[in-house]
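Structural characterization, general
Each chain, letter by letter, is given below.
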Amino acid sequence: MRTQVAIIGAGPAGLLLSHLLGLQGIGSVLVERQSADHVRSRIRAGMLESGTVDVLTRAGVGERLAAEADHHRGVYLQWPGERHHVDFVDLVGRSVSVYGQTEMTKDLMAAREEAGRPAFYQASEVTPHGVDTDRPHVTFTDSDGASQRVDADVVVGCDGFHGPSRRAVPGQHQRVWERTYPFAWLGVLADVAPSTDELIYAWHPDGFAMHSMRSATVSRLYLQVRPDEDVADWSDDRIWAALTTRLGAGREGWELGTGPITDKSVLPMRSFVTTPMRHGRLFLAGDAAHIVPPTGAKGLNLAVADVSLLADALTAWLRDGREELADAYSDTALRRVWRCTHFSWWMTNTFHRHGDDFDAQLQLSQLRRVVDSEAAATEFADNYAGLPIRFG
């Protein structure tokens, strides 16, 4: 099989890249180790920056997003006795949208199927070859057990941290930057209407808590826990009690609605960046190149920014013969990656209890600065709502 771009990984990043390339007449083949149903059902991030919404809309896959997403002007920042609303629209003229990754994936899968773009799911032994030559290819075993080979001009790894693409870059050409945090999130999905109109980020002496949402009937909530926390130790009653305390429910007329918890998981917190994001004719995007803690809601949005940039670069190279954008891809993408990595680090260190009481007072000082200073609030809003994404 021959194509222009072989894409390893058919999550949102790979699906969106294939779609954007297809709009420009660039052929691609997707290779994914999981089943389509598994990819479609993965519960991940749900906060979309304004730039991400703009990319999806301009690419023709934003119709359901526009109709069903919850569009938020800002977020609440809270600590005991105080809650403050930071209005992104007033500060920087941009909003954010809550739209689950599962829904975005469904939209992109539907677009791929409608366009008839080829994809192999449940592929095993996926391996990129010859990425430092002008004839790269990808081999794998398909779901029927048959050996397959895809020859391409370019290979793109959208296959996450554990995928084969990142490992195809020789160690002597790769540098890794990493930070592991001493806490994690206990994340839960609950069949209960959200108790807040916008997200709540809560600092509390017992640890961080967050109230998010997935829809008008489903809430997404988080509690700071130890990285080695056993989910089995957290009954539904214990979870709701901790959330009630940390979110300050029951005070000033605000109540936390409770309901059946349908999913519980512990999410480790880490920052990871590998450089460069290109080696020969292999390009890395999304979690294959970088991971951020979820506090800043940047992971999915960074992946969208990567593939939007990469779609332009590969179109210019493969269709028009201009290589300058492809040559600049890694450096250009990494400028945004490090900005978002810093913001995610700042959010994580500011809201999570760690260190001693001196550190706690520094955290509260940081939060008060954001709500008391228009300049600080604007900087916060500019980062959270998202930097503009280059597209087209």
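Above this text is the structure in question.
Residues numbered from 1 in each chain as written. Predicted model: local features only at pLDDT ≥ 70, side-chain atom pairs only at ≥ 80, totals over all residues. Heavy atoms only, no water.

1. Quick word on the sheet that holds strand 14 (residues 200–202)
Strands sit in the order 6-5-14-15-16-13-17-20 across an open sheet of eight strands; the sheet is mixed. For this open sheet the edge positions go to strand 6 (82–87) and strand 20 (290–291), each flanked by a neighbour on one side alone. With 13 bridges connecting them, strand 13 (residues 175–190) and strand 17 (residues 261–275) associate as antiparallel partners. For leucine 186, the partnering residue across the bridge sits in strand 17 and is valine 266. Those strands touched by helix 11 (residues 357–372) are strand 5 (74–79) and strand 6, and its axis lies near 140° from that of strand 5. (Pairing = 2+ DSSP bridges. Helix = DSSP H or I, 4+ residues; strand = E, 2+ residues; numbered from the N terminus. Contact = heavy atoms within 4.5 Å. Axes fitted to C-alpha atoms, helices over the stretch in contact; angles between N-to-C directions.)

2. Side note on the pairing of strand 15 (residues 209–213)
The buried fraction of strand 15 is high, at five of five residues. Side-chain alternation along strand 15 places Ala209, His211 and Met213 on one buried face and Met210 and Ser212 on a second face that is also buried. Here strand 14 folds back onto strand 15, and the loop between the two strands holds six residues, one of which, glycine 207, carries a positive phi near 130°. Relative to strand 16 (residues 219–225), strand 15 runs antiparallel, the two sharing five bridges. Within strand 16, the residue paired with methionine 210 across the bridge is tyrosine 222. Counting the residues between successive antiparallel strands, the hairpin from strand 15 to strand 16 contains five residues. (Buried < 20%, exposed > 50% of the residue type's maximum accessible area, 1.4 Å probe, protein only.)

3. Describing the sheet that holds strand 4 (residues 70–72)
The strands making up a sheet associate through hydrogen bonds between their backbones, and the pairing can be parallel or antiparallel. Taken together, the three strands give an open sheet; going across it, the order is 3-7-4, and neighbouring strands pair in antiparallel fashion. Two strands close off the open sheet at either side, each with one partner strand: strand 3 (47–48) and strand 4. Note that strand 4 and strand 7 (residues 96–98) share three bridges and pair antiparallel. The residue of strand 7 that forms the bridge with histidine 72 is valine 96.

4. Observations regarding empty space enclosed by the protein
Evaluated as defined, the whole model comprises one cavity of 30 Å³ or more. Along its surface, the largest cavity is lined by Gln78, Trp79, Pro80, Gly81, Trp203, His204, Thr245, Arg246, Leu247, Gly248 and Arg251. Elements with a contribution of two residues or more to the lining of the largest cavity: strand 5 and helix 8 (236–246). Of the residues that constitute the lining of the largest cavity, the class distribution is four nonpolar, five polar and two charged. (1 Å grid on protein atoms, 1.4 Å probe; cavity = no way out; pocket = protein on both sides within 12 Å on 5 of 7 lines; lining within 4 Å. Points joined across faces, edges and corners; volume = space filled by probe spheres on them. Nonpolar A, V, L, I, M, F, W, Y, C, P; charged D, E, K, R; others polar.)

5. Things to note about the environment of histidine 129
For histidine 129, the location among the structural elements is in strand 9 (residues 124–129). Separated by 22 residues in sequence, histidine 129 and aspartate 151 have C-alpha atoms that sit 9.5 Å apart. When residues no more than four places from it in sequence are discounted, the contact partners of histidine 129 are Pro136, His137 and Thr139. At 2.8 Å, the side chain of histidine 129 forms a polar contact with the side chain of threonine 139. (Polar contact = N/O pair within 3.5 Å; in protein donor to acceptor, adjacent residues only side chain to side chain.)

6. A word on the pattern of salt bridges
Enumeration according to the criterion identifies 23 salt bridges in this entry. Here arginine 226 and aspartate 228 are joined by a salt bridge, their closest N and O atoms 3.0 Å apart. Its salt-bridge partner being aspartate 236, residue lysine 264 comes within 2.9 Å of it at the nearest N-O pair. Note that lysine 264 is positioned in strand 17 and aspartate 236 in helix 8, a separation of 28 residues in sequence. The structure contains a network of salt bridges with shared partners spanning Arg64, Glu68, Glu103, Lys106 and Asp107. (Salt bridge = Lys/Arg side-chain N within 4 Å of Asp/Glu carboxyl O.)

7. As for the packing of aromatic side chains
Counted according to the given criterion, the structure contains 19 aromatic pairs. Geometrically, the ring pair formed by phenylalanine 161 and phenylalanine 272 is edge-to-face, given 4.9 Å between the ring centres and 90° between the ring planes. Here phenylalanine 161, found in the loop between strand 12 (154–157) and helix 7 (164–167), pairs with phenylalanine 272, found in strand 17; they are 111 residues apart in sequence, far enough to count as distant. Accessibility assignment for this pair places phenylalanine 161 and phenylalanine 272 in one class, buried. Here the aromatic cluster, defined as three or more aromatic residues joined through ring pairs, consists of Phe88, Trp185, Tyr201, Phe208, Tyr222, Phe343, Trp346, Phe351, Phe380 and Tyr384. Cation over ring: lysine 298 sits above tyrosine 384, and NZ or CZ is 5.8 Å from the ring centre. (Phe/Tyr/Trp six-rings, centres within 6.5 Å; stacked < 30°, edge-to-face > 60°. Lys NZ or Arg CZ within 6 Å of the ring centre and 35° of its normal.)

8. Some remarks on the packing of helix 10 (residues 324–351) against helix 11
Relative to each other, helix 10 and helix 11 sit at 120°, their axes nearing to 8 Å. If you check the angle between helix 10 and helix 11, you find them oblique. For the pair helix 10 and helix 11, the contacting residues are Trp346, Asn349, Thr350 and Phe351 in the first and Gln363, Gln366, Leu367 and Val370 in the second. Counted by class, the contact of helix 10 with helix 11 contains four nonpolar, four polar and no charged residues. (Parallel < 35°, antiparallel > 145°, perpendicular 65-115°, else oblique.)

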